[in-house]
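Fold and geometry: a report
One letter stands for each residue in the lines below.
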Amino acid sequence: MLHAGFYYAADSLKARLTREGNAQLTRYCVARGLPINRCGKLVVARNAAELAGLDELLRRARANGVTLEAVTAAEARCLEPRVKTCERALFSPTTASVDPRAVLEALVDDARTAGVTLLPGTAYLGRVGRAVRTTAGALAPGYVVNAAGLYADRIARDWGFAERWRILPFKGLFLEAGTASPAFRTHIYPVPDLRQPFLGVHVTVAVDGSATLGPTATPAFWREHYAGWSRFSLSECLEIVMREAGLFLHNAFGFRALALDELRKYRRAKIVSLAADLAVGIRPEHFQRWGPAGIRAQLVDIHERRLEMDFKYEGDDRSFHVLNAVSPGFTCAFPFATHIVEQIDRLRG
């Protein structure tokens, strides 16, 4: 998904980088001949109480310089005949879908052409002085950039950072449409709770036109809790479950209601029911297969017991650590990389 940039507060890095990231990645896909589906996105109000949420998103879009159109319910149905909305909706014409694997493969080709050495399948083991231990042997980098996602906080602590930050993993699952499911023209999203970094269950149109429903944002019990007991770590499980229990007990940032609501989404019928509020003709028999799980590496401030809503990084003249690069991190990747390089240049002074 290439997001447009209207969800985020104007003073955030996400707001600054999403609009330009959308444009840059769109141009990249076109120039490289990569698949892209410029289907746009509708944001709908499920009831009258959510109309104020549409107004706030429109206000943020204008503050961020993002194209976002207010449309009537009838106009929304012209864009997507199956959509449901109360009175009006918002249409984002620059939201698009791409094939992330194709994008990454193209970037790998670019990196190798530029003379970058890649070591896929190589794990970080720890730090010894300024050297880095890996499963491919010791490395002596001139400068370390840590963008390790689920393990970013752990690596950062080896270098004296992330003292107040911890990664809290959330599992995202989608239901995939079967061949008998009617097609959609556009993405359809609900008005989100802007106090949380999650956008709620929505209808996503893939680059090939197929549809998915989701995702969940269920608290995971270890960092790579993708399926079953795969990659289980007892120490991670104990640490993360204790942290989640503390957040649940104190109900920090509304975690208790969030966790209970998300746990219900392990039921296929619950996700289908939520999606059915967005569009007509969404039926359980059309969405019977779960897609592969993803894990959101969400940063938590353990001092203030809150989720970090924006991108977050720390560094010095020896190392730099990208601690929070959650959605829309993919959309922002190109300008965010430029921003990081500028920060490193400043730190190395």
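Above this text you will find the structure in question.
Let me begin by describing the structure that accompanies this report. The structure displayed is predicted, hence computed values, not measured ones.

Calculation notes
- Residues numbered from 1 in each chain as written.
- Predicted model: local features only at pLDDT ≥ 70, side-chain atom pairs only at ≥ 80, totals over all residues.
- Heavy atoms only, no water.
- Axes fitted to C-alpha atoms, helices over the stretch in contact; angles between N-to-C directions.
- Helix = DSSP H or I, 4+ residues; strand = E, 2+ residues; numbered from the N terminus.
- Parallel < 35°, antiparallel > 145°, perpendicular 65-115°, else oblique.
- Contact = heavy atoms within 4.5 Å.
- Nonpolar A, V, L, I, M, F, W, Y, C, P; charged D, E, K, R; others polar.
- Pairing = 2+ DSSP bridges.
- Core = buried A, V, L, I, M, F, W, Y, C linked by side-chain atoms within 4.5 Å.
- Buried < 20%, exposed > 50% of the residue type's maximum accessible area, 1.4 Å probe, protein only.

**Structural notes on the packing of helix H1 (residues 13–32) against helix H4 (residues 100–113)**
Running from amino to carboxyl end, H1 crosses H4 at an angle of 75°, the nearest separation of the two axes being 11 Å. For the element pair H1 / H4, the angle class is roughly perpendicular. Across from Leu25, Tyr28, Cys29 and Arg32 in H1, the residues of H4 making contact are Val103, Ala106, Leu107, Asp109 and Asp110. Broken down by class, the residue content of the contact of H1 with H4 amounts to 6 nonpolar, no polar and 3 charged.

**Some remarks on the sheet that holds strand E10 (residues 165–172)**
Ordered in space as E15-E10-E17-E18, the 4 strands form an open sheet in which the pairing is antiparallel. With one partner strand each, in any of the chains shown, strand E15 (218–219) and strand E18 (306–307) form the two edges of the open sheet. Note that E10 and strand E17 (residues 294–301) share 8 bridges and pair antiparallel. Across the sheet, residue Phe170 finds its bridge partner in E17, namely Arg296. Here helix H6 (residues 234–250) sits on the sheet and contacts E10 and E15; the angle it forms with E10, its principal contact strand, is near 90°.

**Re the sheet that holds strand E20 (residues 319–324)**
Strand order in the open sheet formed by 3 strands is E9-E20-E19, with mixed pairing between adjacent strands. For this open sheet the edge positions go to strand E9 (144–146) and strand E19 (312–315), each flanked by a neighbour on one side alone. Averaged over all neighbouring strand pairs, the angle between strand axes comes to 10°, with direction disregarded. Sheet topology places E19 next to E20; 4 bridges connect them, and they run antiparallel. Note that in E20 the partner of Tyr313 across the bridge is Val322. In this fold helix H9 (residues 333–348) packs onto E9, E19 and E20, with an angle of close to 140° to the strand it touches most, E20.

**Details of the nonpolar core**
In globular proteins that are soluble, nonpolar side chains generally tend to be buried together. Counting 25 residues, the largest nonpolar core has Leu42, Val44, Phe184, Ile188, Leu213, Ile282 and Phe287 as the members making the most contacts within it. Mapped onto this core, the elements with two or more residues apiece are strand E2 (41–44), strand E4 (88–92), strand E13 (202–205), strand E14 (211–214) and helix H8 (268–276). Sorting elements by how many residues they give to this core places H8 first, with 4 residues. Apart from residues no more than four positions distant in its own chain, Val44 is found in contact with Glu50, Leu54, Val83, Lys84, Thr85, Ala89, Ile188, Tyr189, Pro190, Val191 and Leu278. In this structure, Tyr7, Ala15, Leu54 and Leu199 belong to the second largest nonpolar core, which totals 19 residues.

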